[in-house]
Amino acid sequence: MFDYSSPIKDLSGIGPKVLEKLTKLKIKKVSDLLLHLPFRYEDFSQIKNIADLIIGEKATITAKILNIGQKRIWKRNMTITEALLEDETAPIMSVWFNQPYLTNTLKKGLWVNISGKISMGKRGLYFSNPAFEVLGEEPYDKEMLHTAGLIAIYPETAGLTSRYLRLKIKTILDNLINIPDFLPNFIAKEFSLIALRQALQKIHFPKNKEEIEEAQKRLAFQDIFLLQIYSRNEKEKIKSKLAQPIPTNLPLIKKFITSLPFQLTNSQKLASWQILKDIEKPTPMNRILVGDVGSGKTVVAAIAALNTATQKQQVAFLAPTEILASQHFKTLSNLFKNWPIKIGLLTASHKLKSGLDKIDIAVGTHALIQKNVKFKNLALVVVDEQHRFGVDQRASLLKDPKHSAIPHLLSMSATPIPRTLALTIYGDLDLSLLKELPKGRKKIITKAVSPTNRGKAYQFIENQIKLGRQAFVICPLIEESEAAIMSEVKNATAEYEKLSKDIFPHLKIGLLHGRLKAQEKEKVMLDFKNKKTDVLVSTSVVEVGVDIPNASVMMIEGADRFGLSQLHQFRGRVGRAEHQSYCFLFTETSSKNSAERLKILVESEDGFKLAEKDLEIRGPGQFFGSVQSGLPDLAMASLKDASLIEEVQQAVNLFFQKDKIANHPILLERLSEFKEDIHWE
Ligand code: ADP
Ligand code: MG
């Protein structure tokens, strides 16, 4: 016997070979097989009389095998199985190619269901390679599993047939007494969701399309529910910890703001205020600040850092790369040059000059700070371009990690995310948005360039460089895989050679790709920043956040392969100073769709709007980036459905109002499994 969480090998008839194939499909437990969902359905819902069949249509019949035989065509190395079938209206032939074992199951005198396409041959109508189901000696003595109705077709990558999977799933559903359901009953009821067993029955063996939809909704709902419960639970856990409260020193902050060479935007003011209010509390802040490239996130973080550092509490300011860290170090040193604040830079190649306990704000790369460094009284961690930084990681920075206070966290991200997705992806974080760019920014002139104008674009770059500017050239994106990284490198190298030899022989060209070591990448970026190179050829790895104010041209090859958000990110690499800047989009196809998509980018500069469009066009997967959601495909696809997400959010609210996780052992168990499935980094 087996139950829902038994290993799959406990099912009868699963030998080592099949087991290996199932493992390839990531099916290890009985429940995995039940949740191995069809990716499409064949519609055989009408059983027809043979006399009514029409050439070219797909149909299902119930018939008796009058005769069956096999012949071998040696010349073509082929076996043909032929059967003569009959129902009460007429006879018909059925033919199968290269399936010699069929005669083991299909025998004269048996009733069968046959489903497939009707072809016309010399001898009249026939079925060609149809699916079949043996009913037995009588026409009606077995449920019509494989043929009548909508037939589930499964991903069959490991060489297991859909027929096989369907049979196994049927056996499981028929024999499983208990299917543990983590969705609380009152939630299912309130949101009119069918029971889990029903949903599984309907998704694998639907009678009609409505049943499929009902089942899909229920299954997507429960996965998104779990994810949101998980985030909310994490959020509550963090709130139950202690942090050092940092009172807002308003006069000091006003003084700092008036000393700035610009006026803060309204979004910046609001975000700063939200952050200051958070760190006043005795529980740890867990907030993400999202704003387009150039929206001015640094100064917002600086305000919180100033308020903290002037109260003799330490701040850690972390960046993903050395260049970004030293850039932040310079920016902060400049912002605080008239303030009694000691700032230190700490990276692989730059050690602190004094002890860490003398430093108020330590700027560094996170890898480094995590390993060796213990702060004296760290109260605020700012993390740029990395979404998550767990409570444990924060605690590990403290001199005494057992100390009960945990530092406040401010994450910053330049990737605008559609609102509904933010609820799911950043569910455990509070969100501050910088919706507007500072006033007076020059609009980046964006143009889709046709292949015939390529020469002109090169000429344009040449002129910009003569004026003292620099240019990026981004190579086309290639689908992710090991082989692809290699071909991406090859591509970028080829582009680099073409530009250095044929197009710009007299200019200095740099090359950046994913196969370079971190230090090599840093050097290439640094050379570009220091104007040692004029043009930087890069794959999509080009660092987010690195400021090259002198660059004025962003040229993107194969622009149709990138998402709008990603293109927008690239575009944000230029236009960071007073120079008029340009973004050229080169496409490989002349398809109307791609032209329309790029037009959106040409016309809009609003990262959030572009993200919404991207979600519509390309789905949610891209927004997860390196984040692994642990979400099944069905739930992933459903993240596009704003009304579903909002419904789930209501459900989660209702759940926490009326109930708690501790009352639901199955939910508790799923949450802990889920924790192992998701990797936010
Ligand atoms: P990002 O959000 O991409 O990190 P930065 O913080 O690097 O943006 O800011 C980009 C540039 O804009 C910096 O040079 C910064 O000094 C400037 N800046 C920030 N806020 C404003 C503002 N309100 N008005 C004008 N310039 C601003
Ligand atoms: Mg930044």
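Sequence order as written defines the numbering, with residues in each chain counted from 1. Whichever chain is written first is A, and whichever ligand is written first is 1; the rest continue in order. Reporting of local features is limited, given that this is a predicted model, to residues whose pLDDT is at least 70; pairs of side-chain atoms are given and counted only at 80 or more, and all residues count toward the totals for whole chains, interfaces and linings. Computation of side-chain values: all heavy atoms of the structure, hydrogens and water removed.

Here's the deal with the sheet that holds strand 21 (residues 582-586)
Here comes step 1: Within the open sheet, the 6 strands sit side by side as 16-21-20-17-19-18. Their pairing is parallel. Looking along the sheet, the strands with just one partner apiece sit at the ends: strand 16 (445-449) and strand 18 (509-512). Within this sheet the neighbouring strands show an average axis-to-axis angle of 15°, counted without direction.
Here comes step 2: Packed on one face of the sheet, helix 15 (residues 454-466) meets strand 16, strand 17 (470-474), strand 19 (535-538), strand 20 (551-556) and strand 21 and runs near 160° to strand 20. What makes two strands pair is DSSP finding at least two bridges between them. Each helix is a run of H or I in the DSSP string that is no shorter than four residues. Each strand is a run of E no shorter than two, and both are numbered from the N terminus. For helices, the axis comes from a line fit to the C-alpha atoms of the stretch in contact; other axes are also lines fit to C-alpha atoms, and the angle between any two N-to-C directions lies between 0 and 180 degrees. By the convention used here, residues are in contact when the closest approach between their heavy atoms is within 4.5 Å.

Observations regarding the domain arrangement of the protein
Here comes step 1: For the protein, the domain assignment lists domain 1 (1-39 + 166-179), domain 2 (42-153), domain 3 (250-434) and domain 4 (445-604).
Here comes step 2: Taking the mean C-alpha position of each, domain 2 and domain 4 sit 58 Å from one another. The start and end points of each domain follow an automatic or database-based domain assignment.

Considerations on the side chain of Q464
Here comes step 1: Structurally, Q464 is set in helix 15.
Here comes step 2: In this structure, Q464 is in contact with R469, S552, V553, Q580 and Y582, ignoring residues within four places of it in sequence.

A closer look at helix 19 (residues 592-603)
Here comes step 1: Helix span is expected to be 1.5 Å times the residue number reduced by one. Counted at 1.5 Å a residue, the expected span for helix 19 with its 12 residues is 16 Å, and the 16 Å between its end C-alpha atoms agrees.
Here comes step 2: The cut-offs for exposure are 20% and 50% of the maximum accessible area for each residue type, with area from a 1.4 Å probe on protein chains only; residues under the lower value are buried, those over the upper are exposed, and the others partly exposed. For helix 19, the complete set of buried residues consists of S594, R597, L598, I600 and L601. One side of helix 19 carries all its buried residues, which in axial view fall inside an arc of 140°. Residues K592 and E603 are exposed on helix 19 and point more than 90 degrees away from its buried face.
Here comes step 3: Structurally, helix 19 contributes buried residues whose contacts are with strand 16, helix 18 (564-571), strand 21 and helix 20 (607-618). As used here, the arc belongs to the directions running from the helix axis to the C-beta atoms.

Some points on the site of ligand 1
Here comes step 1: We call a residue near a molecule or strand when any one of its heavy atoms sits within 4 Å of it. Near ligand 1, the surroundings consist of 15 residues, among which Q263, G294, K297, T298 and R441 are the closest.
Here comes step 2: Contact distances for ligand 1 include 2.8 Å between an oxygen atom and a side-chain N or O atom of K297.
Here comes step 3: Computed by Shrake-Rupley with a 1.4 Å probe, the accessible areas treat only the displayed protein chains as cover when residues are assessed. For ligand 1, the accessible surface in isolation is 560 Å², of which the surrounding protein chains cover 74%. Polar contact is the term for a pair of N or O atoms within 3.5 Å; when the atoms are in protein, one must be able to donate a hydrogen and the other to accept it, and sequence-neighboring residues count only if both atoms are side-chain atoms.

Notes on the packing of aromatic side chains
Here comes step 1: Two aromatic rings from Phe, Tyr or Trp, using only the six-membered ring of Trp, form a pair when their centres are within 6.5 Å; if the ring planes differ by under 30 degrees the pair is stacked, by over 60 it is edge-to-face, and anything between is tilted. Summed over the entire model, instances satisfying the criterion amount to 13 aromatic pairs.
Here comes step 2: Centre to centre, the rings of F460 and Y582 are 4.7 Å apart; their planes meet at 75°, and the pair counts as edge-to-face. Within this pair, whereas F460 is found in helix 15, its partner Y582 is found in strand 21, the two being separated by 122 residues in sequence.
Here comes step 3: Overall, the relative accessible area of 26% leaves F460 in the partly exposed class.
Here comes step 4: Three or more aromatic residues link up through ring pairs in this structure, and these residues are F186, F225, F655 and F656.
Here comes step 5: Cation placement over rings: the criterion is NZ of Lys or CZ of Arg within 6 Å of the ring centroid and within 35° of the ring normal. A cation over an aromatic ring shows up here: K170 above the ring of F205, its NZ or CZ 6.0 Å from the ring centre.
Here comes step 6: Stacked on the ring of W339, the Lys or Arg K255 has its end atom at 5.0 Å from the ring centre.

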